[in-house]
Amino acid sequence: MTKFILKRCGIAVILLLIVSTIVFLLVHIMPGDPVLLMLGTDSSPDPKAVETLRQELGLNNPLVVQYKDWMFHALQGNLGNSYSEKIPVMQSISSRLPRTLELAAVSLVLACLIGLPLGVLSALRRGKVSDLVMTTGASLGTSIPVYVLGYLLIIVFSLNVFHWGIQPLPSSGYVDVSKSVAGHFQRLLMPAVTLALGLAASIMRMTRSSMLEALSGESVRALRAKGLPEHVVIVRHVIRNAFIPVVTVIGLQMGNLIGGTVLCETVFNWPGLSTLLVKAINQRDYPLIQGCILIMSAVFILTNMVVDIIYGLLDPRAR
Amino acid sequence: MEILKRCMKNKKFVFSIFVLVPLIFIVLFGPMLAPNDPLAMNTANALAHSSSRYPFGTDEFGRCILSRLLVGIRPSMTVSLLGTAGAFISGLILGIIAGYVGGKVGDVIMRLVDVVLCFPPILLAMMVVCMWGAGVRNLTVVVAILYTPHFTRIAYSSTIKVRNMEYVENEISVGANTLRVLSDSIFPNILSPLVIQISLTISNAILLESGLSFLGLGVQPPDPSWGQMIGDARNYLSVNLMYTVWPSFFLSLTILATNLMGDALRDVLDPKLKESF
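Not measured: the values here are computed from a predicted model.

### Topic: the overall build of chain A
Right, on to step 1. Helix and strand counts for chain A come out as 13 helices and zero strands.
Right, on to step 2. Walking chain A from its N terminus toward its C terminus, one meets helices and strands in the order α-α-α-α-α-α-α-α-α-α-α-α-α.
Right, on to step 3. Once the C-alpha set of chain A is aligned to its principal axes, its extents read approximately 85 × 60 × 35 Å.
Right, on to step 4. Out of the 319 residues belonging to chain A, those deemed buried represent 39%.

### Description of the overall build of chain B
Right, on to step 1. Regarding its fold elements, chain B presents ten helices and zero strands.
Right, on to step 2. Along the chain direction, N to C, the helices and strands of chain B fall in the order α-α-α-α-α-α-α-α-α-α.
Right, on to step 3. Considered along the principal axes of its C-alpha atoms, chain B spans approximately 75 × 45 × 30 Å.
Right, on to step 4. Counting contacts in chain B only where the partners sit at least 6 residues apart, residues at least 24 apart contribute 70% of the total.

### As for helix α6 (residues 129–143) of chain A
Right, on to step 1. Spanning 15 residues, α6 of chain A covers 21 Å between terminal C-alpha atoms, matching the ideal 21 Å at 1.5 Å per step.
Right, on to step 2. Looking only at α6 of chain A, the buried set comprises M134, T135, A138, G141, T142 and S143 of chain A.
Right, on to step 3. Looking at the buried residues of α6 of chain A, the elements they touch are α5 (89–124) and α8 (181–215) of chain A together with α10 (241–269) of chain B.

### Details of unusual backbone geometry
A negative phi angle is the norm for most residues apart from glycine, just as the trans form is the norm for most peptide bonds.
All names here are of chain A.
Right, on to step 1. You will see that N269, though not glycine, has its phi angle at about 50 degrees, which is positive.
Right, on to step 2. Examined against the element boundaries, N269 turns out to sit in the loop between α11 (254–267) and α12 (273–282).
Right, on to step 3. Take N269: there are 14 C-beta atoms within 10 Å of it, and that puts it in the partly exposed class.

### Let's talk about the confidence of the model for chain B
Right, on to step 1. Chain-level statistics for chain B give a pLDDT mean of 82 and a share of 96% at 70 or above.
Right, on to step 2. Under the prediction, the complex receives an ipTM of 0.83, its pTM being 0.85.

### Comments concerning the confidence of the model for chain A
Right, on to step 1. In this model, chain A carries an average pLDDT of 82, and 96% of its residues clear a pLDDT of 70 or more.
Right, on to step 2. Model confidence for chain A, summarised as mean pLDDT per element, is weakest for helix α2 (residues 34–39) of chain A at 70 and strongest for α5 of chain A at 88.

### With respect to the interface of chain A and chain B
Right, on to step 1. Taken together, the 38 residues of chain A in the interface contact 33 residues of chain B.
Right, on to step 2. Put simply, the parts of the chain that give the side of chain A that touches chain B at least two residues each are α1 (2–29), α6, α7 (146–158), α8, α11, α12 and α13 (286–314) of chain A.
Right, on to step 3. A breakdown of the residues in the side of chain A that touches chain B according to their chemical character gives 28 nonpolar, eight polar and two charged.

### Describing the packing of helix α6 (residues 136–163) of chain B against helix α8 (residues 178–214) of chain B
All names here are of chain B.
Right, on to step 1. At a minimum axis distance of 9 Å, the contact between α6 and α8 shows a crossing angle of 155 degrees. It follows that α6 is roughly antiparallel to α8 by the angle criterion. Both α6 and α8 take part in a crossing whose hand is right-handed. Contacts from L139, V143, Y147, H150, F151, I154, A155, S158, T159, V162 and R163 of α6 reach α8 at I186, N189, I190, P193, L194, Q197, T201, A205, L208, E209 and L212.

### Side note on the packing of helix α5 (residues 121–132) of chain B against α6 of chain B
Residue and element names in this part refer to chain B.
Right, on to step 1. Where α5 contacts α6, the two axes come as close as 10 Å, and the packing angle between them is 145 degrees. Where α5 crosses over α6, the two elements pack in a sense that is right-handed. Contacts from P121, L124, A125, V128, V129 and W132 in α5 reach N138, V142 and L146 in α6.
Right, on to step 2. When its residues are assigned to classes, the contact of α5 with α6 shows eight nonpolar, one polar and no charged.

### Considerations on the nonpolar core
Right, on to step 1. Among the nonpolar cores identified, the biggest contains 138 residues, and I203, L277, I289 and C292 of chain A together with A125, M126 and V143 of chain B are the most heavily contacted of them.
Right, on to step 2. If we skip the residues at most four places from it in the chain, L277 of chain A touches I289 and C292 of chain A together with M126 of chain B.
Right, on to step 3. If you look at the next biggest cluster of nonpolar residues, it comprises eight residues, including F13, L260, A264 and L265 of chain B.

### Quick notes on the environment of L191 of chain B
Right, on to step 1. Note that L191 of chain B resides in helix α8.
Right, on to step 2. Placed 99 residues apart in sequence, L191 of chain B and L92 of chain B show a C-alpha to C-alpha distance of 9.4 Å.

### A word on the environment of G86 of chain B
Residues and elements named next belong to chain B.
Right, on to step 1. Within the secondary structure layout, G86 lies in helix α3 (residues 65–101).
Right, on to step 2. Look at G86 and you get partly exposed, because 18 C-beta atoms sit within 10 Å.
Right, on to step 3. Put simply, G86 and G72 are 14 residues apart on the chain and 22 Å apart in space, counted from C-alpha to C-alpha.
Right, on to step 4. If near-sequence neighbours (up to four positions away) are discounted, G86 is found in contact with T140 and A144.

Conventions used here
Residues numbered from 1 in each chain as written. Chains lettered and ligands numbered in written order. Predicted model: local features only at pLDDT ≥ 70, side-chain atom pairs only at ≥ 80, totals over all residues. Helix = DSSP H or I, 4+ residues; strand = E, 2+ residues; numbered from the N terminus. Buried ≥ 20, exposed ≤ 12 C-beta atoms within 10 Å, placed from the backbone. Contact = placed C-beta atoms within 7 Å. Expected span 1.5 Å × (residues − 1). pLDDT = per-residue confidence, 0-100. Nonpolar A, V, L, I, M, F, W, Y, C, P; charged D, E, K, R; others polar. Axes fitted to C-alpha atoms, helices over the stretch in contact; angles between N-to-C directions. Parallel < 35°, antiparallel > 145°, perpendicular 65-115°, else oblique. Left-handed = near helix turned anticlockwise from the far one by under 90°. Core = buried A, V, L, I, M, F, W, Y, C linked by C-beta atoms within 7 Å.

Have a look at this one:
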């Protein structure tokens, strides 16, 4: 077991090295001069400013030296200075990363809370109307883009177009927990639900199919023949086996979840890492772009590592 | 023929055909069907509601939303269809080589392909866009690169499975030419999982293209694209609701139809999984 965990960690380290190398190469393999692009191409830039920025970014050194510096600094948590905000990249990232992680984590939990029970239920009611309703809902859930779902929720709950007797929810923005706990969660609710629904649909579909597979297994027939009550068969035996493959699906959906935060944060103006990245791309702030991509990919790799390890713990065959 | 018959019995397949055939028609003839010039601005008539001249109303520059919808499907479809075709071909070639030749060559190919999977898809796409710029051509390349690994992995594992079958070993042992073995024995037998992957990839690619365009990193204005229209409409939700609703509805419908097509193909081509969904 220890060997398995160590191996997974080793793979994660190698992947991180590859990702950081690619992110480093980003400004070097792009056509055009990043310095000129950063200064804006409309007017002919001041040669002095060009030289200063080039110096600041270390672009005058040989590539190998730059690579060594970048890796060395990155390991120490120094990702350079943001060009547009004039503050260290790590500082902007560290203020925004927790918000993105919070959004993603809350969505993941919500998605499991919605997807797992519905998947079990629809497998048990297979072929009935309620199953049809649930599977159709899941098909819709996997097809509607995150931002469309987000606007749908805004239209219904913030603009209150149906004039339901509810207090409209705030459609955008962020309030820190320390200022107002209620305000914070009010603004977290819609983006989190938006992200969760799509994920819940995938989880539900996988749970349903893996439940059906477990239900049709030989062992289930034996357990029933033994005279165990149906609920014991389902809860103790079927569900336990059925949830293992679901872990893999959750792992596979991590990339979509991170992609989803990019779109969802934009819809709801949630000031997380993704909105920072979109802003950085629009401003051609290369150090900031590199930093955001590196950190988000690192989160992605680490969560995948954790999922792999959990899977290994649950299913010894996967080790 | 047999497969087609089974497809026509599948409700999901029939539904997706009903949606996708008109869509393909719009992709081909959209600009001719458009009642107005999709780029013609008329600020005096901005954000107008539905009228006989502008059936779906107008956007913030007074452009006809219906015309923009009819034209705006093209970039999504171009990117997703050409990108998927690229990914399919390169994945097929890489996967077959890796699986058939095996050994070091196979390892190298599979590890290279894995590198692409270290990044969340949309991040890799954003990275490429910020290097080379946005636009239909670049987005197509991005989709092709992003989804090559999926096809490669499937082609690789199926090739290995088929390669060790007795009939393939027989063919090799009687001295059949390698290309012939690949085209006559391997290719037809690994095709069905790849076909299922094609429809999945197309819907993912549509999602990716529209997502990037929504963020303003995809198709560049003034050319319309559904994702970009939804992004632009964001500020006018309370003024003209339908401006957001129409592109959102058609985008979701397209993706739903493509997904259902994938489900139906899986039911038909892979009967082992038939019971599961």
